[in-house]
Amino acid sequence: MVLHERWFTASRVGFTYIGTVVGAGFASGQEIMQFFTVSGFKSVWAILLVTVLFSWLGIRMMVIGARLKARSYEEFNNYLFGPGAGRWMNWFVGVILFGVTTAMMSGTGALFKEQLGLSFHFGVIVTSLIAFMVIIKGMEGILNVNALVVPCMFAFTLVVGIQGLSGPGLGGFLVMEPMEGTRNWIVSAITYAAFNLAMAQSVLIPMGGEIQDEKTLRLGGILGGVGLGVMLLASNFALALKIPEIFHLEIPIALVISSLGEGMKYFFLAVMWGEIFTTLIGNVYGLAANLENWIPIRINTLMALIFILGYVCSLIGFPVFVGYIYPFFGYCGLLMLLLLMIRKYPGNQG
């Protein structure tokens, strides 16, 4: 592969990695606040550790997918955990992916209703139809959408960070102490990386299996990991300067946006929808690719069924049920992180 082609493909891999990890929790600032901002200046060290973990382990995940020629995350979990435990892990990943899918669909409905004054159902159905049209094109469609949406997310996050820099409080941030009762910053970093990497396998594994070129995947993994780190740092810094007001808000980043003018509000809404959308298409694609191994139905039909069932569950509050499974899945994610660190690559020394 010639150099410019490798950089082009690697950038699409990196954008897709970022688009898969960031979602409604990231866009709203809630996730960043709970895992990082509460740690004060130590949040910087936590984010740097997360950046290293995302880059290193994201690369390992994609290269394993390439070596296994994997079409879904099933082959990856069977390799990592063994066939018996791998089957259980695949089941849990499927449940969580579907749960997050319903949460993302519910989030788009709420966004259309609360922020734009449109129907909840209209928001969910329109988003689902656009998502379906993207993912029937396979991995190529997902790569293309992320290449379009993620640079806008990145630009928005940098604007938020620069806005923080232009205001007072930089000196205060440098000496900011962790909030009382906060987890150790190392624990926060590892749990954040573990959960997000466990979720990202739905896209990273088949992407590695499809692209195959390991130099491209390694470069894409670095671009994705570092890009996520920069976005986390910028958002975390802007949020930290708004303590303690942000702790009482469902969308903490809105406090930062409010000082940027009306036009920025609509840019933020577009970015938030984009972050939900990129997570949604990744989840549905990964879930359908895995179910195809078990259910003798065409993948496009499977994806349509997932959207229909997700729409129904978004109305009856399925995400509440996921709240009980998330902690257990978090422990599975930590075990996956450990195995991903120590396992040798298939067919080679790791």
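What you see is a predicted model; the values in this text were computed from it and never measured. (Residues numbered from 1 in each chain as written. Predicted model: local features only at pLDDT ≥ 70, side-chain atom pairs only at ≥ 80, totals over all residues. Heavy atoms only, no water.)

A.B. asks: Outline the overall build of the protein, supporting the account with residue identities and numerical values.
C.D. replies: Along the backbone of the protein there are 15 helices and 0 strands. On C-alpha atoms alone, the protein measures out to a radius of gyration of 19 Å, which is about the 20 Å that the 2.2 N^0.38 rule sets for 350 residues. Along the first, second and third principal axes, the C-alpha atoms of the protein reach 55 × 50 × 45 Å. Counting only residues that meet the buried cut, the protein has 53% of its 350 residues in that class. For the protein, restricting intrachain contacts to residue pairs at least 6 apart in sequence, the fraction spanning at least 24 positions comes to 84%. Counting every atom, the protein has about 14900 Å² of accessible surface; 69% of that belongs to carbon and sulfur. For the protein, the centre of its 18 positive side-chain charges and the centre of its 16 negative side-chain charges are spaced 9 Å apart. (Helix = DSSP H or I, 4+ residues; strand = E, 2+ residues; numbered from the N terminus. Rg over C-alpha atoms; globule rule 2.2 N^0.38 Å. Buried < 20%, exposed > 50% of the residue type's maximum accessible area, 1.4 Å probe, protein only. Contact = heavy atoms within 4.5 Å. Areas by Shrake-Rupley, 256 points an atom, 1.4 Å probe, with all protein chains shown as cover. Lys, Arg positive; Asp, Glu negative; His and termini not counted. Charge placed at Lys NZ, Arg CZ, Asp CG, Glu CD.)

A.B. asks: Give me the lowdown on the packing of aromatic side chains, citing residues and values where you can.
C.D. replies: Applying the stated rule across the entire model yields 12 aromatic pairs. Here Y17 and F54 contribute two aromatic rings whose centre-to-centre distance is 6.2 Å and whose plane-to-plane angle is 75°, an arrangement assigned as edge-to-face. In this pair, Y17 sits in helix α1 (residues 3–21) while F54 sits in helix α4 (residues 42–67), placing the two residues 37 residues apart along the sequence. Per residue, the accessibility class of Y17 equals that of F54, and both read buried. For the ring pair F36 and Y192, a centre distance of 5.0 Å and an interplane angle of 75° mean the geometry is edge-to-face. In this pair, F36 is assigned in the loop between α3 (30–35) and α4 and Y192 in helix α10 (residues 185–211), connecting sequence segments 156 residues apart. Each member of the pair F36 and Y192 is classed as buried. Chaining the aromatic ring pairs together yields one cluster made of Y17, F35, F36, F54 and Y192. (Phe/Tyr/Trp six-rings, centres within 6.5 Å; stacked < 30°, edge-to-face > 60°.)

A.B. asks: Describe empty space enclosed by the protein, with residues and values.
C.D. replies: Here the structure, examined in full by the defined rule, presents 1 cavity of 30 Å³ or more. Approximately 70 Å³ is the volume attributed to the largest cavity. What lines the largest cavity is F26, A27, G29, I32, F156, T157, S235, I253, V271 and E275. Mapped by element, the contributors of at least two residues to the lining of the largest cavity are α2 (24–28), α8 (139–166) and α13 (262–291). Partitioning the lining of the largest cavity into residue classes produces 6 nonpolar, 3 polar and 1 charged. (1 Å grid on protein atoms, 1.4 Å probe; cavity = no way out; pocket = protein on both sides within 12 Å on 5 of 7 lines; lining within 4 Å. Points joined across faces, edges and corners; volume = space filled by probe spheres on them. Nonpolar A, V, L, I, M, F, W, Y, C, P; charged D, E, K, R; others polar.)

A.B. asks: Describe the confidence of the model for the protein, naming the residues involved and giving the relevant values.
C.D. replies: Summing up the model confidence of the protein, the mean pLDDT is 86 and the portion of residues at 70 or higher is 92%. For the protein, helix α9 (residues 170–174) is the element with the lowest average pLDDT, namely 65, and α4 is the one with the highest, namely 95. (pLDDT = per-residue confidence, 0-100.)

A.B. asks: An account of the packing of helix α5 (residues 73–81) against helix α6 (residues 83–116) is requested, with residue identities and associated values reported.
C.D. replies: The contact between α5 and α6 brings their axes to 7 Å, and the two run at 140°. Judged on the interaxial angle alone, α6 and α5 are oblique. The interaxial crossing formed by α5 with α6 has right-handed handedness. Only P83, A85, G86, R87, M89, N90, V93, G94 and L97 of α6 make contact with α5, whose side of the interface consists of Y73, E74, N77, N78 and F81. Across the contact of α5 with α6, the residue classes break down as 7 nonpolar, 5 polar and 2 charged. (Axes fitted to C-alpha atoms, helices over the stretch in contact; angles between N-to-C directions. Parallel < 35°, antiparallel > 145°, perpendicular 65-115°, else oblique. Left-handed = near helix turned anticlockwise from the far one by under 90°.)

A.B. asks: Lay out the pattern of salt bridges with the relevant residues and their values.
C.D. replies: Evaluated as defined, the whole model comprises 5 salt bridges. Here D213 ties to R6 by a salt bridge, and the two come within 3.2 Å at their closest N and O atoms. Note that D213 is positioned in the loop between α10 and α11 (214–240) and R6 in helix α1, a separation of 207 residues in sequence. R218 is paired through a salt bridge with E214; the nearest N and O atoms lie 3.7 Å apart. Of this pair, R218 and E214 both sit in helix α11, 4 residues apart, which is roughly one turn of the helix. Overlapping salt bridges, with partners in common, bring together R67, E214 and R218 in one network. (Salt bridge = Lys/Arg side-chain N within 4 Å of Asp/Glu carboxyl O.)

A.B. asks: Let's hear about α13: which residues, and what values?
C.D. replies: Helix length check: α13, at 30 residues, gives a terminal C-alpha distance of 44 Å against a target of 44 Å (1.5 Å per residue), a fit within 8%. The buried fraction of α13 is high, at 22 of 30 residues. (Expected span 1.5 Å × (residues − 1).)

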